[in-house]
Amino acid sequence: MTRDLSRLIRPKSIAVVGGGTWCAEVIGQTEKIGFDGAIWPVHSKSSDVAGHKAYPSIDALPAPPDATFIGINRRATIPVVQELAAAGAGGAVCFASGFSEAIAEDASGNDLQADLVAAAGDMPILGPNCYGLINALDGAAIWPDQHGCARVESGVAILTQSSNIAINLTNQQRGVPIAYVATCGNMAQLNQADIASAVLDDPRVTALGLHIEGFTNLRAWEALAAKAHAKGIPVVVLKVGASAEAQAATVSHTASLAGSDAGAAALITRLGFARVHDLPVFLETLKLLHLSGPLSAPTIASISCSGGEASLMADTALNSGLTFPPLRDEQRTQLADALGPMVALANPLDYHTYIWRDAEAMAKAWSAMMTKDIGLTLSVVDYPPENRADWDCATDAAIKAHKTTGRPITVVASLPELLPPDVTQTLIDGGVVPMHGLREAIIAAAATTEITSPETTPLALAPAEPSKRPQLLTEHEAKTALAAHGLDTPRSVSVTDTGTLTEAAKSLTPPLVLKGQGIAHKTEAGAVKLHLSAADLPAAAADMPTDRFLIEEMINDGLAELLVGITRDPAHGFVLTIAAGGTLTEVLSDSVSLLIPASHETIRDALSSLKIAPLLTGYRGAPPANITAILQAIDALQAYVLANLDSLQEAEINPLICTPTRAVAADALIRKDMS
């Protein structure tokens, strides 16, 4: 069900149910931010709350309120929600705690949460256990505590489950214009994707920041990604926590590689969002997106009056994905004209201080660096706390260079506290992005290059409940099942009698491989023997801890070995991991994770990101591997999983031996519900 949140987030009337300190604070904060609509306290015993006429009940209000803050206990909240829904109210913030988040202490919490959702019906509710929302565009603060938001004409929207983090973010001093803040609480009815989608309907929102503890309703997230992309609104995610469900798979190598966060990371990438890992970078990324937008290219230029700062900038950008293009001849000519003969010209540029205080010359030099192929130019300036006038030239130069070239530029302080609020605002007014911290600036700039169009193919979703009786197929059974979907496997024969090993192998071409069946990690158990003839098989089998065997033709022309595995992750779907394979998989830790179904283009990009990618494309005179065959092998694995979504726990090929002509599954594992 899609609910209309427009009245709740852009209200013209606000009711406040309750008369305690929290409710009085909601009224105070609403007045402070300049709300010009009606404020209606509701209290059964008081005629006045915080200087406003109080009404004894919801029914007594002049009209159904657009937004309501319910600041009473959890059990009393439910009938009030029911009354509001029946009256045709626009929505409510449920402040009380003690619902599903308290189930460990009170088993009735889940039942109360279900009752709350039932009482709300079609009426949207935030929470429970949340602070509510602030709309700084229209001046509405349905919010029971202090905050740092001020009225803005446009800005970024921030959504979080944590009310305390929301308060902290509103009090930032980094020049980020915040248009909306919403806390989601328990998300009994609305999840973050639902709220974010409603916020995106406001054309004054320039970027969306999401602090996410966990994903629910993946279809809603897919819809949000499509909507944000269609509207051209970039999305930044700060994802915390880990999926406990993803750790349930422990048999395969894939499980140890994928880890608990791989599904979340793959989902964020698939949705086309940028991901960051701390609050300072989160804010700097949103600010950059609001003021300048995503970088047009992953290229940067740096200007500073110190060789130390230039080196520090270069080192900070190392491994960020951003590059410093070398100067072109015309740039060198312009820079030499502005800086004189004493400055070594390079990118990053140390311009010394020969032209310090000459804003015109500085702007001329900056402009020479700000060419169309540069995604962002960074001017490193730290402003002293006192006697700052001598640094005004750097501020003026950045603004003039931006006006001259129309290209994006940031003034970045290497120490965040050395970029004062008044300078920050002056830079913003001049179209320059003020950024606090070299590391924060570099990571934020790199993050904007991750924003892409979302995948349009719907995710394959895992069942809500894990299988209770998963079983491990033998290697022969697993390969047979995967071969039915197009996987290339070695010629083989399955044997259950050691006395028939030699006879059974006569149809195969040596060298041969003998494997013991029914063992998850055969190499560690000594259940794999290579380079055998048919006559060698009985002796090789004698040392293996099993009486079931698989004899295969050995693949001798391999150029590289891959692991390709898929694990069930109910929080995010099915995680496809592609990695350097073989016996050293965990040691090499060379892997990338996607969600299925994954396209050929996405898989090619994943393969090229591996450290062993050169082995696949032809290394030191060796022929290239057959990439088409590799893609077909991964397609076969995906096809099997898609046909067994309800029962599969994990499926893995390791190694997938990549040759000039084939991609052959030398080993395979499947764990699934066999009931």
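Above this text you will find the structure in question.
Residues numbered from 1 in each chain as written. Predicted model: local features only at pLDDT ≥ 70, side-chain atom pairs only at ≥ 80, totals over all residues. Heavy atoms only, no water.

Caption draft 1: Representation of the sheet that holds strand E17 (residues 376-380) in the model. Spatial ordering of the open sheet is given by E16-E15-E17-E18-E19, a layout of 5 strands whose pairing is parallel. The strands lining the two open edges of the sheet, one partner per strand, are strand E16 (349-350) and strand E19 (433-436). (Pairing = 2+ DSSP bridges. Helix = DSSP H or I, 4+ residues; strand = E, 2+ residues; numbered from the N terminus.)

Caption draft 2: Structural detail: the pairing of strand E24 (residues 549-553). With 5 of its 5 residues buried, E24 lies for the most part within the structure. The alternating pattern of E24 places Phe-549, Ile-551 and Glu-553 on one face and Leu-550 and Glu-552 on the opposite face, and all of these are buried. In this structure, strand E21 (residues 492-495) lies alongside E24, joined through 4 bridges in antiparallel fashion. Pairing of Ser-494 across the sheet is with Leu-550, part of E24. By the bridge criterion, 5 bridges tie strand E22 (residues 512-516) to E24 in an arrangement that is antiparallel. By the bridge assignment for E24, Lys-515 is matched with Leu-550. (Buried < 20%, exposed > 50% of the residue type's maximum accessible area, 1.4 Å probe, protein only.)

Caption draft 3: Spotlight on helix H9 (residues 262-271). With 8 of 10 residues buried, H9 is to be regarded as a mostly interior element. Within the sequence span of H9, burial applies to Ala-262, Gly-263, Ala-264, Ala-266, Leu-267, Ile-268, Arg-270 and Leu-271.

Caption draft 4: Representation of the packing of helix H21 (residues 600-609) against helix H23 (residues 627-643) within the structure. Two numbers describe how H21 lies on H23: the axes approach to 11 Å, and their chain directions differ by 115°. Judged by the sense of rotation from one axis to the other, the crossing of H21 with H23 is right-handed. Residues His-600, Ile-603, Arg-604 and Leu-607 of H21 pack against Ile-627, Ile-630, Leu-631, Ile-634, Asp-635 and Gln-638 of H23. (Axes fitted to C-alpha atoms, helices over the stretch in contact; angles between N-to-C directions. Left-handed = near helix turned anticlockwise from the far one by under 90°. Contact = heavy atoms within 4.5 Å.)

Caption draft 5: Inspection of the pairing of E17 at higher detail. Counted residue by residue, E17 has 5 buried out of 5 residues, so it is predominantly covered. Here E17 shows no split at all, with Leu-376, Leu-378 and Val-380 on one side and Thr-377 and Ser-379 on the other all buried. Pairing geometry for E17 and strand E18 (residues 409-413), over 4 bridges, is parallel. Across the sheet, residue Ser-379 finds its bridge partner in E18, namely Val-411. In terms of handedness, the path from E17 via helix H14 (residues 392-405) over to E18 forms a crossover that is right-handed. (Right-handed = clockwise from strand over helix to strand, strands pointing away.)

Caption draft 6: Looking closely at the packing of helix H11 (residues 307-317) against helix H16 (residues 438-448). It is at 10 Å that the axes of H11 and H16 come closest, and there the two elements cross at 45°. With respect to H16, the element H11 is oriented oblique. Between H11 and H16 the crossing geometry is right-handed. Together, Leu-312, Met-313, Thr-316 and Ala-317 of H11 and Leu-438, Arg-439 and Ile-442 of H16 make up the contact between the two elements. (Parallel < 35°, antiparallel > 145°, perpendicular 65-115°, else oblique.)

Caption draft 7: Representation of the layout of surface pockets in the model. For the largest pocket, the calculated volume is near 890 Å³. The wall of the largest pocket is formed by 31 residues, among which Ala-265, Ile-268, Thr-269, Arg-270 and Glu-450 lie closest to the centre. Put simply, the parts of the chain that give the lining of the largest pocket at least two residues each are H9, strand E14 (274-276), H16, strand E27 (591-595) and H21. In terms of residue class, the lining of the largest pocket is made up of 16 nonpolar, 9 polar and 6 charged. Here the second largest pocket is characterised by a volume of approximately 720 Å³. Thr-523, Asn-654, Pro-655, Ala-666 and Asp-667 are the residues nearest the centre of the second largest pocket, which is lined by 38 residues in total. (1 Å grid on protein atoms, 1.4 Å probe; cavity = no way out; pocket = protein on both sides within 12 Å on 5 of 7 lines; lining within 4 Å. Points joined across faces, edges and corners; volume = space filled by probe spheres on them. Nonpolar A, V, L, I, M, F, W, Y, C, P; charged D, E, K, R; others polar.)

Caption draft 8: Examining helix H4 (residues 109-120) more closely. Compared with the 16 Å implied by 1.5 Å per residue over 12 residues, the 17 Å span of H4 between its first and last C-alpha is a close match. Where H4 is concerned, the buried positions are Gly-109, Leu-112, Gln-113, Leu-116, Ala-119 and Ala-120. Considered in projection along H4, the buried side chains sweep an arc of 125° and stay on one side of the axis. In H4, the exposed positions that point more than 90 degrees away from the buried face belong to Asp-111 and Ala-118. Buried residues along H4 sit in contact with helix H3 (74-87), strand E6 (92-94) and strand E7 (125-126). (Expected span 1.5 Å × (residues − 1). Arc of directions from axis to C-beta.)

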